[in-house]
Amino acid sequence: EGLRRRYPGRCPAMFSTVMEVWQGLVELVIRPPRHEYDIARDLGNKKMMVRGTLAIREDMDLMNKRGYVLKCSHFQPAELPPEVAGEDSLDFK
């Protein structure tokens, strides 16, 4: 009420502006903008050495139960040694 007397006719516009600024600040904290990834730039080469073993990255899209697409990377050794040839992947502990 005091603002209306002090700034007649301008209070709704001022209140609207303050609310817009406040809403923008809230969204920055609660829902920050997502980073856009570029697989080629951000993940680098598809081949890399991991503990002396050449590993190859395979990028794939998986869809979850909600219908969202998940971007995934699966790393596998380039050549499997005979003792692990039957396994799907190699554990890099």
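Look a little higher up for the structure.
Quick look at the structure, then. Sequence order as written defines the numbering, with residues in each chain counted from 1. Local features in this predicted model are restricted to residues of pLDDT 70 or higher, and side-chain atom pairs are both shown and tallied only at a pLDDT of 80 or more, whereas totals for entire chains, interfaces and linings draw on every residue. The basis for every side-chain value is the complete set of non-hydrogen atoms in the structure, without hydrogens or water.

This part takes up unusual backbone geometry. Within the chain, R51 stands out as a residue other than glycine whose phi angle is a positive 50 degrees. Judged by relative accessible area, which is 66%, R51 ranks as exposed. Exposure categories follow from relative accessible area, calculated using a 1.4 Å probe and restricted to protein chains: below 20% of the type maximum is buried, above 50% is exposed, and the middle band is partly exposed.

As a further point, take a nonpolar patch on the surface. Together, M19, V21, W22, L25, L28, V29 and I30 make up an exposed nonpolar region whose accessible area comes to about 760 Å². Where helices and strands are cited, they refer to DSSP runs of H or I of at least four residues and of E of at least two residues respectively, numbered from the N terminus. With respect to the helices, strands and loops of the structure, M19 is situated in helix α2 (residues 11-30). Every patch collects residues that have over 30% relative accessible area and no salt bridge, joining them within 9 Å if they carry like charges and within 5 Å if they are nonpolar side chains (Val, Leu, Ile, Met, Phe, Trp, Tyr). Using the Shrake-Rupley algorithm and a 1.4 Å probe, accessible areas are obtained, with residue cover drawn only from the displayed protein chains. Just to be clear on terms, a salt bridge is a Lys or Arg side-chain nitrogen sitting within 4 Å of an Asp or Glu carboxyl oxygen.

A strand pair is defined by DSSP finding two or more bridges across the two strands. Taken in spatial order, the 3 strands line up as β1-β2-β3 in an open sheet, and their pairing is antiparallel. Looking at the sheet topology across the chains shown, the edges are occupied by β1 (47-50) and β3 (69-77). Each adjacent strand pair in this sheet contributes to an overall mean axis angle of 40 degrees, direction not counted. Sheet topology note: the strand β2 (residues 53-63)/β3 ladder contains 9 bridges and is antiparallel. Among the inter-strand pairings, D59 is bridged to a residue of β3, identified as S73. Here the axes come from fitting lines to C-alpha atoms, over the contacting stretch only for helices, and the angles between their N-to-C directions go from 0 to 180 degrees.

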